[in-house]
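Descriptive analysis of the structure
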Amino acid sequence: MKNIFLIIVVLLFAATSCKTKSAETKAATSVNDTAAKKEAPIATELELTDDQIKAIGLQTGSMEQRNLKSTLKVNGKLTLPPQNQAQVSILMGGIVKTIDVTEGTFVKQGQTLATIVNNEVIQLQQEYLENKSQLIYLQAEFKRQTELQEDRINATKTLQQVQNELSTAQAKQKGLQTKLQLQGINASGISTANFTNRIRVTAPISGFVHHINLTMGKFADANTILFDIVDNRFLHLDLTLFEKDIAKVKVGDKIMFTDANDISHVHPATIFALNKSFEDNQQAIIAHAKIEERTETLLPGMYVEARIQIDNYKANALPNDAVVSNGDEHYIYIETKKNHYQQIAVKTGVSDMGFIEILPLEEIAANAKVVTKGAYYLLSQLTKGSGEE
């Protein structure tokens, strides 16, 4: 019996020892797996397909040098000089026969906008031809009387009378010619065979037709505005400078501005003039700035937000959408080769006008292609599954 009891005790001890070693082995394996998982390197590079790039609208750009710190914030609006906007009217009323342009189209100076029918202009042409015929006669008569006077055949009074009539006819001819030109009729081409009752309404400046106040068959009154034309190529900024800021600004200062409703499009300008007196009812002057690029999106009367650069400080900057955050970390993405992108950690500085200052934590090539649109998608791809740890 004692031998049987000893055998049972030994077997129980051996079984307990095996279970303990098995549990310790499993625990050690679990700890090692967890440590390995934590020590696994975080992915900073990824590759996209052409379809993915197209789907997210990914775009790249370059780091820019921008003045974000030492600028003066001002507001204003876009205006046109008086010589680059026109209101078109006619001196003689008439029935609208043709309208040759539409609103929004570009016209050149002298181009026909419409034609007006007016029978009074026929009378004007008739008077011109009659006076022209009389002028030819008086010129010949003056020459004849001059020759007679030299031979002392006629009286001096007769020569003076013909000379007076000739001068009157010449003045009348000049006046009628000017009236016809104002109606768009070339006086030198008038003859009894080609009288016209049509008046050409022409563009006094080149520009875009802004408004048309005509319909076919309508009677167009004299001195009524028929067309508005604006030449947006000469748009400039009128910016309000308050008294405390006047001394900070000078002619030649550079400006970056945006439409108040769209800060994503930034435009350059340069101050070319400063008013020398305060505006009515406010202690402020107007600074005038020339736009340094041509664009179809800017229109007269638009309100703008502008930054006047008051020193030469420049900083590396990217559009706000190029920088993404994950907790307290900020990243940008560099295209290393076609469809391959690398995540770069950066620090950020001042943000203004849709751009943010970039303070690199490692050297970035000056010609590096930086993702400016689609960075959030790249971040989501790199951090996918991180919440499962």
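Residue positions are counted from 1 within each chain, in the order its sequence is given. Local features in this predicted model are restricted to residues of pLDDT 70 or higher, and side-chain atom pairs are both shown and tallied only at a pLDDT of 80 or more, whereas totals for entire chains, interfaces and linings draw on every residue. Hydrogen atoms and water are omitted, and side-chain values are computed over all heavy atoms in the structure.

As a further point, take the overall build of the protein chain. When its secondary structure is counted, the protein chain shows five helices and 23 strands. Per-residue burial for the protein chain yields a buried fraction of 34% across its 389 residues. Considering only intrachain contacts with a sequence separation of at least 6, the fraction spanning at least 24 residues in the protein chain is 73%. For the protein chain, the exposed surface amounts to about 24,200 Å²; the carbon and sulfur share of it is 52%. Strands here are runs of E lasting at least two residues and helices are runs of H or I lasting at least four, both read from the DSSP assignment and numbered beginning at the N terminus. For every residue, the accessible area obtained with a 1.4 Å probe (protein chains only) is divided by the maximum for its type, and the residue is called buried under 20%, exposed over 50%, and partly exposed between those limits. Only heavy atoms matter for contacts: two residues are in contact if any of them lie within 4.5 Å across the pair. Note on areas: Shrake-Rupley with a 1.4 Å probe; residue coverage comes only from the protein chains shown.

A word on unusual backbone geometry. You will see that Asn 223, though not glycine, has its phi angle at about 65 degrees, which is positive. Among the secondary structure elements, Asn 223 is positioned in the loop between strand E11 (219–220) and strand E12 (227–230). The backbone of Asn 281 shows a phi angle near 65 degrees, a positive value even though the residue is not glycine. Checked against the element boundaries, Asn 281 lands in the loop between strand E15 (262–274) and strand E16 (284–291).

Attention now moves to the sheet that holds strand E17 (residues 303–309). Pairing between strands is defined by DSSP: at least two bridges between them are needed. Strand order in the closed barrel formed by six strands is E4-E13-E16-E15-E14-E17, with antiparallel pairing between adjacent strands. Strand-to-strand twist of the sheet, defined as the mean angle between neighbouring strand axes without regard to direction, takes the value 40 degrees. Note on method: axes are straight lines fitted to C-alpha atoms, helices fitted across the in-contact stretch only, with angles between N-to-C directions ranging 0 to 180 degrees.

Whether two aromatic rings pair depends on their centres lying within 6.5 Å, for rings of Phe, Tyr and Trp, where Trp uses its six-membered ring; planes under 30 degrees apart make the pair stacked, over 60 edge-to-face, and the rest tilted. Across all of its chains, the model carries one aromatic pair by this definition. Taking the centre distance of 5.2 Å and the plane angle of 70 degrees together, the rings of Phe 106 and Phe 208 count as edge-to-face. One end of the pair, Phe 106, is in strand E7 (residues 106–107); the other, Phe 208, is in strand E10 (residues 207–212), with 102 residues separating them in the sequence. A cation over an aromatic ring shows up here: Arg 66 above the ring of Phe 355, its NZ or CZ 3.7 Å from the ring centre. We call a charge positioned over a ring when the NZ of a Lys or the CZ of an Arg lies within 6 Å of the ring centre and within 35 degrees of the ring normal.

Looking at the protein chain, the pLDDT average stands at 83 and 87% of residues meet or exceed 70. Per residue, pLDDT measures the predictor's confidence, with a range of 0 to 100. Across residues 1–32, confidence stays below pLDDT 50; counting only partners more than four residues off in sequence or on other chains, it has zero contacts. Long-range and interchain partners of residues 34–40, a stretch whose pLDDT sits below 50, account for zero contacts in this model, where long-range means more than four residues apart.

With that out of the way, let us pick up the pattern of salt bridges. One speaks of a salt bridge when a side-chain nitrogen belonging to Lys or Arg is within 4 Å of a carboxyl oxygen belonging to Asp or Glu. In total, this model carries six salt bridges according to the counting rule given. When the shortest N-O distance is used, the salt bridge between Arg 233 and Asp 231 registers 2.8 Å. With a relative accessible area of 4%, Asp 231 lands in the buried category. Salt bridges sharing common partners tie together Lys 244, Asp 245 and Lys 248.

Here Asp 231 lies in the loop between E12 and strand E13 (236–242). When residues no more than four places from it in sequence are discounted, the contact partners of Asp 231 are Leu 80, Asn 84, Ser 206 and Gly 207.

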